[in-house]
Amino acid sequence: MRNLKENWRFRISSKPGMIVLIIIAIGLFYKCGTVKHVPAPPVVAKTTINNDTLMAGKTLYVNNCQKCHKLYSPDAYNAAEWKDNLNAMQRKAKISDAQKETIYKYLTANIKK
Ligand code: HEC
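If you're wondering where the values come from, they're calculated on a predicted model, not measured in any experiment.

Reading the values: rules and limits
- Position numbers for residues start from 1 in each chain and track the written sequence from start to end.
- Local features in this predicted model are restricted to residues of pLDDT 70 or higher, and side-chain atom pairs are both shown and tallied only at a pLDDT of 80 or more, whereas totals for entire chains, interfaces and linings draw on every residue.
- Only buried Ala, Val, Leu, Ile, Met, Phe, Trp, Tyr and Cys residues enter a nonpolar core, and they are joined through C-beta atoms within 7 Å.
- The burial label depends on the number of other C-beta atoms within 10 Å of a residue's C-beta. Counts of 20 or more mean buried, 12 or fewer mean exposed, and intermediate counts mean partly exposed, with C-beta atoms placed from the backbone.
- Runs of E in the DSSP output that reach at least two residues are strands. Runs of H or I that reach at least four are helices, and both are numbered from the N terminus.
- By definition, residues are in contact whenever their C-beta atoms, placed on the basis of the backbone, come within 7 Å of each other.
- Put plainly, near means the residue's C-beta atom, positioned from the backbone, lies within 6 Å of the molecule or strand in question.
- Residues are sorted three ways: Asp, Glu, Lys and Arg are charged, Ala, Val, Leu, Ile, Met, Phe, Trp, Tyr, Cys and Pro are nonpolar, and all the rest, Gly among them, are polar.
- Every axis in this analysis is a line fitted to C-alpha atoms, fitted for helices over the stretch in contact. Angles between the N-to-C directions lie between 0 and 180 degrees.
- Left-handed describes a crossing whose near helix is turned anticlockwise from the far helix by less than a right angle; the clockwise case is right-handed.

A few words on the nonpolar core. Formed by L60, Y61, C65, W82, L86, I95, I103, Y106 and L107, the largest nonpolar core amounts to nine residues. Among the elements that take part in this core, helix α5 (residues 97–107) stands out by supplying three residues, more than any other. Contact partners of L107, with chain neighbours within four places excluded, come to Y61, P74 and W82.

Spelled out as structure tokens, the structure:
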């Protein structure tokens, strides 16, 4: 038992042991140090669509539209293109017409139609 304890102490205070500890410490510090706090952008109410619909649309979009590819940014397409994209993706995503419409409202909420 005593032997084991001494052996353990020896490992920690040995050179390789210290180097490993230092590397772990640096790793932890580096990780914590580089996490940037990004404040959420202010929500600008530009749309007449109510928040419940927007939230529902966003949830449907996130849940159904990133199984095969990344989520495209809402401003990547104009309203007509979103209509086409959603029609094309409806079968792939297996969403109903109503769900498609809600996602459309969310994606185009801040786009002039
Ligand atoms: C089953 C897989 C799958 C799902 C689910 C899916 N997509 Fe796609 N999506 C694809 C593939 C494959 C492509 C590229 C080829 C194509 O255009 O058909 C694509 C392309 C796209 C593009 C780019 C179109 C272009 O030509 O610029 C958009 C935008 C898009 N998807 C939106 C969506 C949205 C919104 C949903 C949810 C309703 C969705 N996708 C769900 C497979 C999927």
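Here the focus is the site of the ligand. Around the ligand, the surrounding shell holds 13 residues, and the nearest of these are C65, C68, M89, K92 and A93. Here the shell around the ligand takes five residues from helix α4 (residues 79–93), the largest share from any one element. Looking at the shell around the ligand residue by residue, the class counts come to eight nonpolar, three polar and two charged.

What follows covers the packing of α4 against α5. With their axes 10 Å apart at the nearest point, α4 and α5 run at an angle of 145 degrees to one another. As for the relative orientation of α4 and α5, their crossing is right-handed in sense. Residues W82, K83, L86 and Q90 of α4 form the contact with α5, whose own contacting residues are K100, I103, Y104 and L107. Its residues placed into classes, the contact of α4 with α5 shows five nonpolar, one polar and two charged.

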